[in-house]
Amino acid sequence: MSEDPSVPTFGLLLNGSAVDVQAQPDTPLLWALRDHLGLTGTKFGCGVGACGACTVQLNGMPMRSCVLPVAAAVGQPLTTIEGLKHAVQQAWIEEQVPQCGYCQSGQLMVAAALLDRNPSPSDEDIAAAMTNLCRCGTYERIRKGIHRAAAAMATAAASSSPDESDSEGETSDDVDAP
Amino acid sequence: MTALHNVSRRDVLRGGGALVLGLVLPGFSRVQPFDETLSLGSAGGAEGVSLNAWIRIGSDGVATLRMAAAEMGQGVFTALPMLLAEELDLDWEQVRVEGAPARSVYARWLLHIPIKLQITGGSESVRGYWTQLRLAGASARAMLVQAAARAWDVPRESCRTEQGRVLCGDLSASYGELVAAASELPVPRNVALKDPTTFRLLGTSPPRIDLPSKVDGSGLFGIDVQVDGMVHATVRACPHFGGRLVSFDDTAARAQAGVLDVFEVGEAVAVVARHFWQAKKAADALEIRWAPGRGEGLNQETIGAALSSALEKGGRPVFRHGAEPHDLSLEATYSVPYAEHAPIEPMTATVHVQRDRVDVWAPTQVPHMVRDRAALLAHMPLSQVFVHTTLLGGGFGRKSFTDFTDQAVLIAKRVDKPVKLIWTREETFTHGKYRPRVICSHKAALGEDGLLTDWHVSVASQNICDGIVPPGFPDPEFAPYTVVEGLAEAPYSIERQRVDYAKVRLPIPVGWWRAVHGSHNGFFRECFVDECAHEAGQDPVNYRRALLRSSPRHAACFELAVAEAGSIAEGQHRGVALFESFGSIVAEVLDLSIEQGEIQLHRVTAAVDCGLVVHPDTVRSQIMSGVVMGLSNALYGEVTFQAGAAQQSNFHQYKLMPLREAPVVDVHIVPSLEQPGGIGEVGLPPASAALCNALFAATGVRIRSLPVGNQLSL
Ligand code: FES
Ligand code: FES
């Protein structure tokens, strides 16, 4: 679809690649990702920052992209679910967390960001960080999934210490498997 | 990478892959004579050879199974393949799943209504497809065995099957090697089904098939559909139920960037733009005049008065047990408010109307209804309407209505491109198909032993079945009965009981909300039974034990929950409740405490008897899901009306329980070989009652009207 040349272009650092997106400056990042770039893993739930379905990571921090203008994301490292490669995804499968799955992209983006800055979160840390809504009520498994990912990350860190660095089949590699 | 991703998505939509299927769809008739004949049709698709409409096997042994039910979180994309795989002795690792098109062969008989539909609802998927799919699997297996027996020149009876292979002595062949020859054989008329005690796969919990696509963003929900050349639409519909669109000024809206068109569609204004955000902003700029019409005088007070006066006037007796209840001295009136389904995926559908065909991509629980309606609205023969069911980002009953898909068809008729319609959350909240507001009065008498002996229950509400039940369907018998589900035919031994129902007509749209009538009747009945126990000075657990004396299956389930819950922890308070719905019995024991003026939910111990279990882990997760939704709604869920307009427009006004408040849900399954029961909704009905019974134990305050909100001053 041809775009109006008067519409500005924004440079994003999306999932490790430089990507240009042409959109009105007030377009929320959510819609720039979904409609303009075709990355539909980030979901629309409320549009007012209340549900968290649209969460992405900007500079490693979880951000609700429905209330963040695309212009505010320019030039900063931005990760969406399509670019997430994290132990928490494998843990989500092992705990069979998702039900309908619609909220889970957002849940995973928050959980991964939490684990990256706090590798062994307590239940209280989890409750404080995980404010995204899930109508299917998967909360208990989300909590377990985060603890499981934390344990897997600790094991992986221990087994990738220099003397054991070549061990095969580390669990943390599993998440990168196709 | 992003580009690649897009291209492959679009290819899928163009017809390469899993979504665009079965492009020749014979006409669908609603009512068909019952037969168990397996389809001779083919499960279309790119790879593999079909053995019937459900099963296609590739030369590599990969089995692609067609799913006629929609996956909305309840796990059918795993449970239904298991039915086929069990009878067919497939290697589970080689099972793939794809959605079926809207087509008569994929319909099933509804459990309580004599019609055959392709519908996902009523917690009926496993029950409704139980025989159909097992027969399809068994018949395909027989064909593969026959093909092997012929090739090896051995009697069929000497062959067995295991993990996707036919075996006979030292001989062995994979299904992939046999499928071509098998597909040439006639479909066997009679096939034996396995004895449930010999099941190998059913009763185990293989990882859910749909989950990998739900942790990497690749799962395709309705809102994610992308079709080449697609534009976007959103609507502003009349906020007043019973009202209408008077006029609108679209000057400012049309001046917005990207706007392609603005027009009236029913009692709504649609904006079509290149991108959703442009459509949304333009819709915000519309100046619209609405007339509240019949909604004018519709507010909390008038609705309440309508229900109360219907109750006072008295309804129609719809259930009786024993003689007329008498000497009724114990009275209590309960109520629940309108509730919104609030799936996190808002209403959305993508439609392309072309000269000779209509395509609808939608997160729908009712693909064939979507098809029938689209054909009608677009004046297209049924055979030229193609419905592509996506994953549902939550359904809970809301997506069993076609209002949003109908509207998308009407909009797409005016646009020469594919159009994706997305309702904002505000539109979704204010144009729901709400769980009705219901009031229920109890009048009762207790016997000398304190047990409930005489019970007169009266219920007043709008009836969900009004206007939905197809013509010719026996509404009068059916509809009121379901309204009083669980109030009538309770498992308790009560000497004299009568249940009345008073139907109220109001212009507020009501619909099936998860657990439907169980969502309120569980609260009404199980809290009132606690009141009776309290009146009799008895412990609620022992009181129920006595009342359950003639219902051993319910009693066993209840005892399991009580035993697993153990003793109450110091400082905590307990509520119990029991409810049967959709063919399954669930007992819940809820422990809470009050901490610094806040309700702290600790644990819900649930026991479930859902007959033979297909996938135990799904049973556990669905009970957990029902409990959380039930508690969330009991604590916070309420839609109120002013001038016929819903007053809650987004999650800040309709709170959902967050992780912080969610209790641990500990689920125990009663072992059983009985017919399978439903599981998607059954965890919900006892939850609100267990909560309010525990709150009574903690505070002495009896909550008779939901939501709990701030009725307690803690
Ligand atoms: S869609 Fe962004 S928070 Fe709900
Ligand atoms: S898994 Fe359905 S909303 Fe969270």
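Computed from a predicted model, the values in this text were never measured in an experiment.

Draft legend 1. Local environment of the overall build of chain A. Broken down by element type, chain A carries six helices and five strands. Counting helices and strands in the order they occur from the N terminus, chain A gives β-β-α-β-β-β-α-α-α-α-α. Excluding contacts between residues fewer than 6 apart, the proportion of contacts in chain A whose partners are at least 24 apart in sequence is 55%. If you sum the accessible surface of chain A, you get close to 6,600 Å²; carbon and sulfur atoms cover 53% of it.

Draft legend 2. Molecular detail of the domain arrangement of chain A. Residues and elements named next belong to chain A. By domain assignment, chain A separates into domain 1 (9-82) and domain 2 (84-158). Spacing between the C-alpha centres of domain 1 and domain 2 amounts to 21 Å. Contacts between the two partners involve 17 residues from domain 1, matched on the other side by 15 residues from domain 2. For the pair domain 1 and domain 2, the two sides together bury roughly 1,300 Å², of which 55% comes from carbon and sulfur. Seen at the junction of domain 1 and domain 2, the total is zero salt bridges. Here domain 1 and domain 2 share ten residue pairs in polar contact (both at pLDDT 80 or more) between them. At the level of secondary structure, the elements contributing two or more residues to the side of domain 1 that touches domain 2 comprise β3 (55-58) and β4 (61-64). The element that contributes the greatest number of residues to the side of domain 1 that touches domain 2 is β3, accounting for three residues.

Draft legend 3. Region of interest: the interface of chain B and chain A. Counting residues at the interface gives 70 residues for chain B and 55 residues for chain A. Between chain B and chain A lies a buried interface of about 5,100 Å² when both sides are counted; carbon and sulfur atoms form 58% of it. Considering only the surface of chain B that becomes buried against chain A, Val215, Ile344 and Leu659 of chain B emerge as the three largest contributors, covering 15% of it. Taken together, the connections running from chain B to chain A amount to five salt bridges. For the salt bridge of arginine 141 of chain A with aspartate 617 of chain B, the shortest nitrogen-to-oxygen distance reads 3.0 Å. Those elements that provide at least two residues to the side of chain B that touches chain A are α1 (2-14), α6 (276-284), β20 (419-422), α10 (425-430), α15 (616-636) and β29 (664-669) of chain B. Here the side of chain B that touches chain A is built from residues that sort into 34 nonpolar, 20 polar and 16 charged.

Draft legend 4. Examining unusual backbone geometry more closely. With an omega of 0°, the peptide bond running from leucine 706 of chain B to proline 707 of chain B counts as cis. One non-glycine residue, glutamine 96 of chain A, lies in the positive phi region at around 50°. Looking at the secondary structure, you find glutamine 96 of chain A in the loop between α2 (87-94) and α3 (104-117). Positioned with a positive phi, aspartate 153 of chain B is a non-glycine residue whose angle comes to about 60°. If you trace the backbone, aspartate 153 of chain B turns up in the loop between α3 (125-152) and β7 (160-162).

Draft legend 5. Geometry of the pairing of strand β17 (residues 348-353) of chain B. The buried fraction of β17 of chain B amounts to six of the six residues, a majority that puts the element mostly inside the structure. Hairpin remark: β17 of chain B followed by strand β18 (residues 358-362) of chain B, antiparallel, with four residues in the connecting loop.

Draft legend 6. Region of the structure containing the pairing of strand β13 (residues 268-273) of chain B. Residue and element names in this part refer to chain B. Burial within β13 is extensive, with six of its six residues counted as buried. Residues Ala268, Ala270 and Val272 line one face of β13 and the alternating positions Val269, Val271 and Ala273 line the opposite face, and both faces are buried. Both strand β12 (residues 259-265) and β13 contribute to a ladder of six bridges, which runs antiparallel. The partner of valine 265 across the bridge, within β13, is alanine 268. In sequence, β12 turns back onto β13 through a hairpin of two residues, with glycine 266 there showing a positive phi of about 60°.

Draft legend 7. Looking closely at the nonpolar core. Residues and elements named next belong to chain B. Counting residues in hydrophobic clusters, the biggest one holds 212 residues, and the most contacted among them are Trp54, Leu144, Ile623 and Leu691. No other element matches α3, which puts 13 residues into this core. The contacts of leucine 144, once residues within four sequence positions are left out, are Leu51, Ile57, Leu88, Val166, Tyr175, Leu178, Val179 and Ala182. Ranked by size, the runner-up nonpolar core spans 40 residues in total, among them Ile113, Val231, Phe263 and Ala374.

Draft legend 8. Seen up close, the pattern of salt bridges. Residue and element names in this part refer to chain B. Taken as a whole, this structure holds 45 salt bridges over all chains when the rule is applied. In this structure, arginine 208 and aspartate 210 form a salt bridge, with 2.7 Å as the shortest nitrogen-oxygen distance. For arginine 208, a relative accessible area of 5% puts it in the buried group. Notably, a salt bridge pairs arginine 496 with glutamate 495, separated by 3.2 Å at the nearest N-O pair. Taking the relative accessible area as the measure of exposure, glutamate 495 reaches 47% and is therefore partly exposed. In this structure, a network of salt bridges that share partners links the residues Glu86, Asp89, Arg141, Arg160, Glu162, Lys194 and Arg200.

Conventions used here
- Residues numbered from 1 in each chain as written.
- Chains lettered and ligands numbered in written order.
- Predicted model: local features only at pLDDT ≥ 70, side-chain atom pairs only at ≥ 80, totals over all residues.
- Heavy atoms only, no water.
- Helix = DSSP H or I, 4+ residues; strand = E, 2+ residues; numbered from the N terminus.
- Contact = heavy atoms within 4.5 Å.
- Areas by Shrake-Rupley, 256 points an atom, 1.4 Å probe, with all protein chains shown as cover.
- Domains from an automatic or database assignment.
- Buried area = accessible area lost by both parts, 1.4 Å probe.
- Salt bridge = Lys/Arg side-chain N within 4 Å of Asp/Glu carboxyl O.
- Polar contact = N/O pair within 3.5 Å; in protein donor to acceptor, adjacent residues only side chain to side chain.
- Nonpolar A, V, L, I, M, F, W, Y, C, P; charged D, E, K, R; others polar.
- Buried < 20%, exposed > 50% of the residue type's maximum accessible area, 1.4 Å probe, protein only.
- Pairing = 2+ DSSP bridges.
- Core = buried A, V, L, I, M, F, W, Y, C linked by side-chain atoms within 4.5 Å.

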